[in-house]
Amino acid sequence: MAFETKFWFVYHLCVLVACFMQHCVNGNSSQVPCLFIFGDSFSDSGNNNYIPTNAKADYKPYGIDFPEGPTGRVTNGKTQIDIIGQLLGFGKFIPPFANTTGFDILKGVNYASASAGIRNETGKRTAGTNIDYGQQINNHKIIVARIATKLGGFRNARQYLNKCLYYIYIGTNDYALNYFQPNLYNTSRMYNPEEYAKVLIDQYSVYGKTLYNDGARKFVAVGLGKIGCTPMILANSSVNGSCVEKLNDIEAIFSHKLRSLVNQLNIEHPDSKTIFINTTAIRLDDSLGFTNFNTSCCLMKSDGFCIRGSKPCPNRREFIFYDGIHPTETANNYSASVSYDNNNNQDIASPIDIKRLAQLQL
């Protein structure tokens, strides 16, 4: 009797593992079995709702066009990675780490945290607590251990994770809420722009190796946008509506080094593939219906977030920015679409786009 019980337990465990290896979690429609998201407010879907910070968006007018209302997403509707997840075939949005339970973890987890950066101290002196990239990596280790428990060991877990997609969009706050804040941080006195970008990339690389060692093989590394063109910066600028190119140029050094790192990783690890998304190459202009390029749709506070309970603009589809730095759902939709499938335009995604990365057999 004991033997039969053990046999059936092992049998069902093997069936369960095989099922998940064949994407049973998400059905046959998703192109990858799971999606893991690391980043900041551009990707946060609710992790900051539960920590003491001013960098949260769990109130209106955020979420005004999202089915569930305000969830912590820093936009009026869906974020860029929400839309990419839909394009990948996921039937539900990837849940935030704070709300992940049970078998949800086999579909993926969103670890992103508003105001977070690559550096541990980034954002914490300006907004309060956040979940920095290093802590997001630690949270992922917790999830990997849980996946290993569900799939019968770390070997099975790594085989499963080999097929998943890892989306990393972080670094903006290491400038906006660190390097460009000399009254609060000394990094701009410690490093020149070239040195600072190298420090960030070196740490970024360390975290990437940790993910690789835990089974990750398909990476999306997103470059930074032009912070000098955001309403938050322009509201305090004396350049009369023009972008503050000095800030853009400093940030661009990071993105250039990130692209070089991607090329290096693809040479060093032929069993994995990393792609680079060039955010600055995505053109949002009047041909797409935009008429407001450097003003926010909502009334914004000094930190760039919307004023709680304020009424947003009615013509949101014509705005690139919903608040002082974050795009509207319309802007996110276009950026996500061309990042996912750019018809081999390597100015936007290189060496391949997200769609082809998902389909890649490694």
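Fair warning: this is a prediction, and the values are worked out from it, not measured in the lab.

1. Section: the nonpolar core
Counting residues in each nonpolar core, the largest one holds 78 residues, and the members touching the most others are Phe36, Leu88, Tyr133, Ile147, Tyr175, Tyr204 and Phe254. Apart from residues lying up to four places away in sequence, Tyr133 is in contact with Phe38, Gly117, Ile118, Ile168, Ile170, Tyr204, Tyr207 and Leu211.

2. A short note on the side chain of Thr75
Summarising the element assignment, Thr75 is placed in the loop between β1 (35-39) and α2 (80-87). Owing to a relative accessible area of 1%, Thr75 belongs among the buried residues under this scheme. A polar contact is formed between the side chain of Thr75 and the backbone oxygen of Pro327, at a distance of 2.8 Å. The contact partners of Thr75, leaving out residues within four places of it in the chain, are Tyr62, Gly63, Tyr322, Pro327, Thr328, Glu329 and Asn332.

3. Observations concerning helix α10 (residues 329-340)
Between its first and last C-alpha, α10 extends 16 Å over twelve residues, near the 16 Å set by a 1.5 Å rise per residue. Every buried residue belonging to α10 is among Ala331, Asn332, Ser335, Ala336, Val338, Ser339 and Tyr340, and all of these are buried. Against the buried residues of α10 lie α2, β5 (273-277), β7 (319-321) and α11 (354-359).

4. With respect to the packing of α2 against α10
Where α2 contacts α10, the axes come no closer than 8 Å and their chain directions differ by 45°. In terms of orientation, α2 lies oblique with respect to α10. In this structure, the crossing between α2 and α10 has a hand that is right-handed. Counted together, Gln80, Ile83, Ile84 and Leu87 of α2 and Glu329, Asn332, Asn333, Ser335, Ala336, Ser337, Ser339 and Tyr340 of α10 form the full contact between these two elements. Class assignment for the residues of the contact of α2 with α10 results in five nonpolar, six polar and one charged.

Conventions and cut-offs
- Residues numbered from 1 in each chain as written.
- Predicted model: local features only at pLDDT ≥ 70, side-chain atom pairs only at ≥ 80, totals over all residues.
- Heavy atoms only, no water.
- Core = buried A, V, L, I, M, F, W, Y, C linked by side-chain atoms within 4.5 Å.
- Buried < 20%, exposed > 50% of the residue type's maximum accessible area, 1.4 Å probe, protein only.
- Contact = heavy atoms within 4.5 Å.
- Helix = DSSP H or I, 4+ residues; strand = E, 2+ residues; numbered from the N terminus.
- Polar contact = N/O pair within 3.5 Å; in protein donor to acceptor, adjacent residues only side chain to side chain.
- Expected span 1.5 Å × (residues − 1).
- Axes fitted to C-alpha atoms, helices over the stretch in contact; angles between N-to-C directions.
- Parallel < 35°, antiparallel > 145°, perpendicular 65-115°, else oblique.
- Left-handed = near helix turned anticlockwise from the far one by under 90°.
- Nonpolar A, V, L, I, M, F, W, Y, C, P; charged D, E, K, R; others polar.

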